[in-house]
Amino acid sequence: VVDAGLHLQPSLRLLYIGAEMELDMLPTFGEIGHLLPNMRLEIIMVCTKGTSGVPVAQLGGTVAPNARVIVVEGDASRYVKGVDLAVGLNAGFEVYPEWEGVLSTLVTNRVRAYFTDYVMMSALTSMTYLADAGARLACEPKVNPFRSPAAKGEPGVGMCLSLIHI
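Everything in this summary refers to the structure shown in the same document. Keep in mind that this is a model prediction, so the values were computed, not measured. (Residues numbered from 1 in each chain as written. Predicted model: local features only at pLDDT ≥ 70, side-chain atom pairs only at ≥ 80, totals over all residues. Heavy atoms only, no water.)

## Considering a nonpolar patch on the surface
Then, number 1: Among the surface-exposed residues, Ile-32, Leu-35 and Leu-36 lie close enough to one another that they form a single nonpolar patch of about 260 Å² accessible area.
Then, number 2: Mapped onto the secondary structure, Leu-36 falls in the loop between helix 1 (26-35) and strand 2 (40-47).
Then, number 3: The exposure class of Leu-36 is partly exposed, given its relative accessible area of 30%. (Patch = residues over 30% accessible without salt bridge, like charges linked within 9 Å, V, L, I, M, F, W, Y side chains within 5 Å. Areas by Shrake-Rupley, 256 points an atom, 1.4 Å probe, with all protein chains shown as cover. Salt bridge = Lys/Arg side-chain N within 4 Å of Asp/Glu carboxyl O. Helix = DSSP H or I, 4+ residues; strand = E, 2+ residues; numbered from the N terminus. Buried < 20%, exposed > 50% of the residue type's maximum accessible area, 1.4 Å probe, protein only.)

## A short note on the nonpolar core
One recurring pattern in soluble globular proteins: nonpolar side chains tend to sit buried together.
Then, number 1: Membership of the largest hydrophobic core comes to 23 residues, with the highest contact counts inside it found for Leu-15, Trp-99, Leu-103, Leu-106 and Phe-115.
Then, number 2: Every element with two or more residues in this core is listed here: strand 1 (11-17), strand 2, helix 2 (99-108), strand 6 (112-115) and helix 3 (120-133).
Then, number 3: If you tally residues by element for this core, the top one is helix 2, at five residues.
Then, number 4: Membership of the second largest hydrophobic core comes to 13 residues, among which are Leu-14, Ala-19, Leu-59 and Val-71. (Core = buried A, V, L, I, M, F, W, Y, C linked by side-chain atoms within 4.5 Å.)

## Considering the environment of Ala-76
Then, number 1: Following the sequence through the fold, Ala-76 ends up in the loop between strand 4 (67-73) and strand 5 (85-88).
Then, number 2: Sequence-wise, Ala-76 and Val-102 are 26 residues apart; in three dimensions their C-alpha atoms are separated by 6.2 Å.
Then, number 3: When neighbours within four sequence positions are excluded, Ala-76 is seen to be in contact with Leu-15, Ile-17, Val-46 and Val-102. (Contact = heavy atoms within 4.5 Å.)

## Focus on the pairing of strand 3 (residues 61-64)
Then, number 1: Where strand 3 and strand 4 come together, three bridges link them in antiparallel fashion. Across the sheet, Ala-64 pairs through a bridge with Ala-67, a residue of strand 4.
Then, number 2: Counted between consecutive antiparallel strands, the loop separating strand 3 from strand 4 contains two residues. (Pairing = 2+ DSSP bridges.)

## Side note on helix 1
Then, number 1: For helix 1, the complete set of buried residues consists of Leu-26, Phe-29, Gly-30 and Gly-33. Down the axis of helix 1, the smallest arc covering the buried residues is 115 degrees, so these residues share one side.
Then, number 2: On its buried face, helix 1 sits against strand 1, strand 2, strand 3 and strand 4. (Arc of directions from axis to C-beta.)

## Structural notes on the packing of helix 2 against helix 3
Then, number 1: Between helix 2 and helix 3, the least distance of the axes is 9 Å, while the angle of their chain directions is 50 degrees. Here helix 3 runs oblique to helix 2, going by the angle between their axes. The element helix 2 and its partner helix 3 pack so that their crossing is right-handed. Here Leu-103, Ser-104 and Val-107 of helix 2 lie close against helix 3, whose contacting residues are Tyr-129, Leu-130 and Ala-133. (Axes fitted to C-alpha atoms, helices over the stretch in contact; angles between N-to-C directions. Parallel < 35°, antiparallel > 145°, perpendicular 65-115°, else oblique. Left-handed = near helix turned anticlockwise from the far one by under 90°.)

## Brief notes about the pattern of salt bridges
Then, number 1: Applying the stated rule across the entire model yields two salt bridges.
Then, number 2: Arg-13 is paired through a salt bridge with Glu-42; the nearest N and O atoms lie 2.5 Å apart. Within this pair, whereas Arg-13 is found in strand 1, its partner Glu-42 is found in strand 2, the two being separated by 29 residues in sequence.
Then, number 3: For Arg-13, a relative accessible area of 24% translates into the label partly exposed.
Then, number 4: With relative accessibility at 9%, the residue Glu-42 sits in the buried group.
Then, number 5: Residues Arg-68 and Glu-42 are paired through a salt bridge, measuring 2.3 Å at the closest nitrogen-oxygen approach. With Arg-68 in strand 4 and Glu-42 in strand 2, this residue pair connects regions lying 26 residues apart in the sequence.
Then, number 6: Assessed through its relative accessible area of 40%, Arg-68 is described here as partly exposed.
Then, number 7: Linked through salt bridges whose partners overlap, the residues forming this network are Arg-13, Glu-42 and Arg-68.

## Digging into unusual backbone geometry
Then, number 1: Within the chain, Asn-90 stands out as a residue other than glycine whose phi angle is a positive 50 degrees.
Then, number 2: Its location among the elements puts Asn-90 in the loop between strand 5 and helix 2.
Then, number 3: On the accessibility criterion, Asn-90 (45% relative accessible area) is partly exposed.
Then, number 4: Here the phi dihedral of Arg-110 falls at roughly 55 degrees; this positive angle occurs in a residue that is not glycine.
Then, number 5: For Arg-110, the position within the fold is in the loop between helix 2 and strand 6.

And the structure:
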C-alpha cells in the first residue's frame, strides 16, 4: 500500500468498525489478500451491536494465505492501538453515540480512516462530529458513483475522511 500516506509496508492492520452486516461475507475479505499477495493482512472486524447470536469464536480465521480476519464484539476503541487504517461504512455518527469515543481514540492514535454515510445530509453532519474530535479531513464528502443510491435516484454519498491529528 503506497497511497493515502500509508507508505509501502509488509503488513496492514485494518480495523473495520460496525461489521455486523458483513459477517456472512468473510470469504470475500480474503480477496483483499489475493489482490495484495506480498502483504500480510490482519482485518479486525468490530461488531458494535452483536453478532446475531453467533459466538465470535466461530467467526473469522484465515481467509487467504496472507490474510486473517478477527471478529470481536464491543467498543471499537479497545482495538485501535497498532492499527494502520480504520473503516466505517454507513457510519451514522449522529445515530450511534458510541462513535464519540472511537473518533477521539482514532485521532489520539493518529489512525487514518475512511468513512461512508448513506446520504449527503448525514455526511455533512458527520463532518461536525469529526471536527469536534480533532480530525483533519482529507476531502469533502463526495457522492460515490459506484453502486451509489444516486444511481437509484437517491442522494447517496461516499465520504472520504482522513483522521490525521495535527
